[in-house]
Amino acid sequence: MTAPLKHANADPITLDVALGERAYEIVIGRDVLNSLGARVAGLRPGARTAIVTDRTVARHWLEKTEASLTQAGISTSHVVVEEGEGSKSYAGLERVSEALIAARIERNDLVVALGGGVVGDLAGFAAAILRRGVDFVQVPTSLLAQVDSSVGGKTGINSPQGKNLLGAFHQPVLVIADTSVLDTLSPRQFRSGYAEVAKYGVLGDEAFFAWLETNHAGIFSGNASREHAIATSCRAKAAIVSRDERENGERALLNLGHTFGHALEAGAGFSDRLLHGEAISLGMVLAFAFSARRGLIPAAEAERVERHLAAVGLPTRVSEVPGGVPGVDRLMELIAQDKKVKRGRLTFILVRGIGASFIAGDVEAAEVRTFLVEKLAER
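Residues numbered from 1 in each chain as written. Predicted model: local features only at pLDDT ≥ 70, side-chain atom pairs only at ≥ 80, totals over all residues. Heavy atoms only, no water.

A. Here's a closer look at the overall build of the protein chain. When helices and strands are counted, the protein chain shows 13 helices and 11 strands. Its C-alpha atoms give the protein chain a radius of gyration of 20 Å, within 12% of the compact-globule value 21 Å for 379 residues. Seen along its three principal axes, the alpha-carbon backbone of the protein chain occupies a region of about 60 × 45 × 40 Å. Within the protein chain, the proportion of its 379 residues that are buried is 56%. If you take every contact in the protein chain between residues at least 6 apart in sequence, the share linking residues at least 24 apart comes to 75%. When the 42 basic and 44 acidic side-chain charges of the protein chain are each reduced to a single mean position, those positions are 3 Å apart. (Helix = DSSP H or I, 4+ residues; strand = E, 2+ residues; numbered from the N terminus. Rg over C-alpha atoms; globule rule 2.2 N^0.38 Å. Buried < 20%, exposed > 50% of the residue type's maximum accessible area, 1.4 Å probe, protein only. Contact = heavy atoms within 4.5 Å. Lys, Arg positive; Asp, Glu negative; His and termini not counted. Charge placed at Lys NZ, Arg CZ, Asp CG, Glu CD.)

Here you go:
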């Protein structure tokens, strides 16, 4: 693991996602949003842009984003959607797609996804299907999006039957992760994103997880630890994506906690009762507990992860979800819809220790059901 930056106003960090002809850069640092226009002009001379954003982000950052593009001589328009998972729907996709068509965005133009994971997934999917494929730029404005959903080219919308069941792999041509925009996030939204930061430690980098245990306060306060944590997370994801772009193998490890987490999120109706990162926090705790139940790790390892997530204010018990979650029958139905299910067999990401995750394709539904019955009864 690399050492953290010495000060928060250091030069931007630039990481490469090595995908041959589809390679792109991730630019991380305070106030790098100002460079968006110049970078887009360099990538696509003469291109027009259309910004997709949500109402809250628009209030804070739309004007600055448009100014950066305009100053570089780039024509731009925008479409604003409602915030939240409700926009990642058939109706949301129709609204964005029709707006992009009306803006006359063509194949040599660019869609700019200005927002969190919902906007990135929705705008990216619309770009993927518009005129059979238009390039797009990710400008993630949440911690969760900066460390996870903006990198790797997964785009999509939700179905009433499950999360992210419709989508496409469509890589961005550039990611601009301005860490200063995170200052406008609510504490709850920031904590939600932190769950994905912690994920990179528990799935493949025990030293990073140990560093997080000591330095998480600085990430929340915005000192140099924030840029370091984001860069470390992005570097880990970029390396995995470059080796397995379409999740045929190793990339599935990035779903640690997501099988349980997505089922809980869908069970809560994709609502603000349970944010995505909160669901992933619960999912990681369950994945570690399930691994301990199978004898793969000592219980103390699972307790260490649970203790850290609780220390930053993330939920670690299913009973903490306001309004509760569906019973075990419904949760099992949702788990059966998980994208990693192959020919009806459940696939989970389990662990042999902190930083040592693996793909387990031999999990029986009955075993998961028994485990969930116990966990749903915990208080």
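B. Focus on helix α10 (residues 276-293). For α10, built from 18 residues, the straight-helix expectation of 26 Å at 1.5 Å per residue is met to within 8% by its first-to-last C-alpha distance of 25 Å. The buried fraction of α10 amounts to 16 of the 18 residues, a majority that puts the element mostly inside the structure. Taken from the residues just after α10, G295 is the one with a positive phi, measuring 80 degrees. (Expected span 1.5 Å × (residues − 1).)

C. Focus on the nonpolar core. Membership of the largest hydrophobic core comes to 73 residues, with the highest contact counts inside it found for I28, V137, Y194, L256 and F288. Per-element tally for this core: the top contributor is helix α6 (residues 187-204), with eight residues. With sequence-adjacent residues up to four places away left out, F288 is seen in contact with V202, L256, I297, E301, A302, V305, V351, G353 and I354. Counting 28 residues, the second-largest nonpolar core is a separate cluster that includes V328, L346, V368 and F371. (Core = buried A, V, L, I, M, F, W, Y, C linked by side-chain atoms within 4.5 Å.)

D. Fine view of the packing of aromatic side chains. This structure, assessed with the given rule, holds eight aromatic pairs. Measuring from ring centre to ring centre gives 5.0 Å for F190 and F220, while their planes differ by 55 degrees; the resulting arrangement is tilted. Of this pair, F190 sits in helix α6 while F220 sits in helix α7 (residues 206-221); the two residues are 30 residues apart in sequence, bridging distant segments of the chain. Residue classification places F190 among the buried residues on the basis of a relative accessible area of 4%. An aromatic cluster is built from F260, F290, F348 and F371, whose rings are joined through pairwise contacts. Directly above the ring of Y200 sits K199, whose terminal nitrogen or CZ lies 4.9 Å from the centroid. (Phe/Tyr/Trp six-rings, centres within 6.5 Å; stacked < 30°, edge-to-face > 60°. Lys NZ or Arg CZ within 6 Å of the ring centre and 35° of its normal.)

E. Up close: the pattern of salt bridges. Taken as a whole and assessed by the stated rule, the structure comprises 26 salt bridges. Residue R55 pairs with E82 through a salt bridge whose shortest N-O separation is 2.5 Å. A residue pair is termed long-range when its members are at least 10 positions apart, and R55 in helix α2 (residues 55-71) and E82 in the loop between β4 (76-81) and α3 (90-102) qualify at 27 residues. Residue classification places R55 among the partly exposed residues on the basis of a relative accessible area of 42%. Measuring nitrogen to oxygen at the nearest pair gives 2.7 Å for the salt bridge that ties D121 to K88. Note that D121 is positioned in helix α4 (residues 117-129) and K88 in the loop between β4 and α3, a separation of 33 residues in sequence. Here the two residues D121 and K88 agree in accessibility, since each one is buried. (Salt bridge = Lys/Arg side-chain N within 4 Å of Asp/Glu carboxyl O.)

F. Broad picture of the pairing of strand β8 (residues 162-169). Here strand β7 (residues 154-159) pairs with β8 via five bridges, running antiparallel. Across the sheet, K154 pairs through a bridge with F169, a residue of β8. Hairpin geometry of β7 and β8 is characterised by an intervening segment of two residues between the two adjacent antiparallel strands. (Pairing = 2+ DSSP bridges.)

G. View of the environment of A336. One can find A336 in helix α12 (residues 328-336). Classification of A336 by relative accessible area gives partly exposed; the value is 44%. Between the alpha carbons of A336 and L346 there is a distance of 7.0 Å; along the sequence they are 10 residues apart.

H. The arrangement of a positive patch on the surface in detail. Taken together, the side chains of R104, R107, R131 and R132 present a region of like positive charge at the surface. Within the secondary structure, R107 is located in the loop between α3 and β5 (110-115). With relative accessibility at 52%, the residue R107 sits in the exposed group. (Patch = residues over 30% accessible without salt bridge, like charges linked within 9 Å, V, L, I, M, F, W, Y side chains within 5 Å. Areas by Shrake-Rupley, 256 points an atom, 1.4 Å probe, with all protein chains shown as cover.)

I. Just the side chain of S291, in detail. Looking at the element boundaries, S291 is found in helix α10. If sequence neighbours within four positions are ignored, S291 has contacts with L296, I297, L350 and V351.

J. Spotlight on the packing of α6 against α10. Contact pair α6 / α10: the axes reach a minimum separation of 7 Å and the direction vectors enclose 35 degrees. Relative to α10, the crossing made by α6 is left-handed. Residue-level contacts link R188, S192, A195, E196, K199 and V202 of α6 to H276, G277, E278, I280, S281, M284 and F288 of α10. Residues of the contact of α6 with α10, tallied by class, amount to five nonpolar, four polar and four charged. (Axes fitted to C-alpha atoms, helices over the stretch in contact; angles between N-to-C directions. Left-handed = near helix turned anticlockwise from the far one by under 90°. Nonpolar A, V, L, I, M, F, W, Y, C, P; charged D, E, K, R; others polar.)

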